[in-house]
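# Remarks on the overall topology
Residue strings, one per chain:
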Amino acid sequence: MVAGFQAALEPKAEPHERFTIRFAAPIELAQEYFSDKLFQYSELFHDIEFAVLPEVGPDDIRRGDVDVAVLNRRPADPSGLIIRNYNNSTTVPLATPEYLRRHGTPLSPADLKMHEGLLLKAYNDDTVTQQLFFGRERSEPLEWKRTFVTHDQLTLKRLLLEHHGITVDLSILHIGEEIRRGIVVPLLEGWTKTPWCMCLVNRREDELRSAKLRDFVLWMTATAREDSARSANECRQIIEDAYLRSKRVDLKRGS
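Residues numbered from 1 in each chain as written. Predicted model: local features only at pLDDT ≥ 70, side-chain atom pairs only at ≥ 80, totals over all residues. Heavy atoms only, no water.

## Section: the overall build of the chain
A tally of regular secondary structure across the chain gives 8 helices and 12 strands. For the chain, whose C-alpha radius of gyration is 23 Å, the value lies well above the compact-globule estimate of 18 Å for 255 residues. Burial analysis of the chain (255 residues in total) assigns 45% to the buried set. Within the chain, contacts between residues separated by at least 24 positions form 79% of all contacts whose residues are at least 6 apart in sequence. Total accessible area on the chain is roughly 14,700 Å²; 53% of this is exposed by carbon and sulfur atoms. Computing the positive centroid from 35 side-chain charges and the negative centroid from 39, the chain places the two 4 Å apart. (Helix = DSSP H or I, 4+ residues; strand = E, 2+ residues; numbered from the N terminus. Rg over C-alpha atoms; globule rule 2.2 N^0.38 Å. Buried < 20%, exposed > 50% of the residue type's maximum accessible area, 1.4 Å probe, protein only. Contact = heavy atoms within 4.5 Å. Areas by Shrake-Rupley, 256 points an atom, 1.4 Å probe, with all protein chains shown as cover. Lys, Arg positive; Asp, Glu negative; His and termini not counted. Charge placed at Lys NZ, Arg CZ, Asp CG, Glu CD.)

As structure tokens, this is what we get:
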């Protein structure tokens with residue numbers, strides 16, 4: 001009886017209230033990068049948990065369907081949103097040596113009209129890649145023999161590795177090791193697509209109301225910026241090395 005009274009009188013620790021953050025991102029980024037970071041954050045703050053959702057657009061964020069979203073371009077209408085850029089990156093034309101052996105190697109963007117195009121139509125973009133850029137020089141509108149369009153970078157990677165065509169939309173982050181090993185080669189040196197403008201977006205009113213949400217977004221933005229800067233340098237070196245190897249092979253053939 002005494003023990004029961006003591007237990008009743010002792011103050012009880014209040015359980016931490018769970019705080020769920022609904023986080024939306026393109027599937028390949030969620031799989032290959034952000035999921036690990038979300039687990040890392042929840043290990044630091046045990047009262048935070050995450051629900052990972054498919055890619056969304058600015059209007060979904062405004063409606064409150066998600067709390068934080070990764071977008072690959074800045075919304076044209078920023079009203080009601082807080083937008084934090086974490087990476088600007090571009091892509092180069094890529095193919096496998098086997099595909100080039102079968103179909104030939106394009107020497108200019110105009111030559112792509114003789115090739116199969118593996119293209120990305122992102123959730124937040126109504127068009128596929130229309131032009132390539134060499135510094136400030138623009139190519140003519142791209143033409144392809146035939147195209148396969150997907151919303152998923154990992155599908156692009158699979159089709160590329162199966163020798164189905166040339167892609168101008170696949171991030172080096174997803175194919176860097178294959179380029180390093182010569183399984184995939186970059187083409188048309190100097191030509192790139194318009195850079196992605198990767199950003200984290202959330203509703204302004206949510207951030208003003210929730211310190212936990214604000215702290216997470218600030219941490220995630222800083223982490224992604226640091227990791228992206230390091231990855232950009234690695235990807236740039238991978239591409240430069242690959243172009244250099246290609247030139248050496250051409251010299252050997254010429255001799």
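Having seen the model, we can carry on.
## Side note on the sheet that holds strand 2 (residues 48–53)
Sheet strands pair by backbone hydrogen bonding; their relative direction is either parallel or antiparallel. Reading across the sheet, the 5 strands line up as 2-1-3-12-4 and stay open at both edges, with mixed pairing between neighbours. The open sheet is flanked by strand 2 and strand 4 (81–89), the only strands paired with a single partner. The average angle at which neighbouring strand axes cross in this sheet is 20°, direction not considered. Pairing of strand 1 (residues 19–24) with strand 3 (residues 68–71) involves 2 bridges; the strand directions are parallel. By the bridge assignment, alanine 24 is partnered in strand 3 with alanine 69. Docked against the sheet, helix 2 (residues 27–44) engages strand 1, strand 2, strand 3, strand 4 and strand 12 (196–203), running at close to 165° with respect to strand 2. (Pairing = 2+ DSSP bridges. Axes fitted to C-alpha atoms, helices over the stretch in contact; angles between N-to-C directions.)

## Comments concerning the packing of aromatic side chains
Inspection of every chain in the model, using the stated rule, returns 10 aromatic pairs. Between tyrosine 41 and tryptophan 219, the aromatic rings sit 4.9 Å apart at their centres with planes inclined by 55°, giving tilted as the arrangement. With tyrosine 41 in helix 2 and tryptophan 219 in helix 8 (residues 211–254), this pair connects stretches of sequence that are 178 residues apart. Taking 5.5 Å as the distance between ring centres and 65° as the angle between the ring planes, the aromatic pair formed by phenylalanine 134 and tryptophan 191 counts as edge-to-face. Here tryptophan 191 lies in the loop between strand 11 (185–186) and strand 12 and phenylalanine 134 lies in strand 7 (residues 133–134), a separation of 57 residues in the sequence. On the basis of relative accessibility, which here comes to 12%, the residue tryptophan 191 falls in the buried class. Taken together, the ring pairs connect Phe23, Tyr33, Phe34, Tyr41, Phe45, Phe50, Tyr86, Phe216 and Trp219 into an aromatic cluster. (Phe/Tyr/Trp six-rings, centres within 6.5 Å; stacked < 30°, edge-to-face > 60°.)

## Re the environment of tyrosine 123
Residue placement: tyrosine 123 occurs in the loop between strand 6 (116–120) and strand 7. Discounting residues that sit within four places of it in the chain, tyrosine 123 has contacts with Glu55, Val56, Gly57 and Asp60.

## Points about the pattern of salt bridges
All chains considered together, the criterion is met by 22 salt bridges. With a closest N to O distance of 2.9 Å, arginine 102 and glutamate 98 form a salt bridge. Of this pair, arginine 102 and glutamate 98 both sit in helix 4 (residues 97–103), 4 residues apart, which is roughly one turn of that helix. On the accessibility criterion, glutamate 98 (24% relative accessible area) is partly exposed. Close ionic contact of glutamate 205 with arginine 209 constitutes a salt bridge, the shortest N to O distance being 4.0 Å. Here glutamate 205 and its partner arginine 209 are both found in helix 7 (residues 204–209), 4 residues apart, which amounts to about one turn of the helix. Its relative accessible area of 59% is what places arginine 209 among the exposed residues. Each of Arg203, Glu205, Asp206 and Arg209 takes part in salt bridges that share partners, so that together they form one network. (Salt bridge = Lys/Arg side-chain N within 4 Å of Asp/Glu carboxyl O.)

## Side note on helix 2
Given a rise of 1.5 Å per residue, 18 residues ought to cover 26 Å, and the 24 Å separating the end C-alpha atoms of helix 2 matches this to within 8%. Of all the bends in helix 2, the greatest measures close to 50° and is centred on phenylalanine 34. Within helix 2, the full set of buried residues consists of Glu28, Leu29, Ala30, Tyr33, Phe34, Lys37, Leu38, Tyr41 and Ser42. (Expected span 1.5 Å × (residues − 1). Bend = angle between axes of the 7 residues up to and from the residue.)

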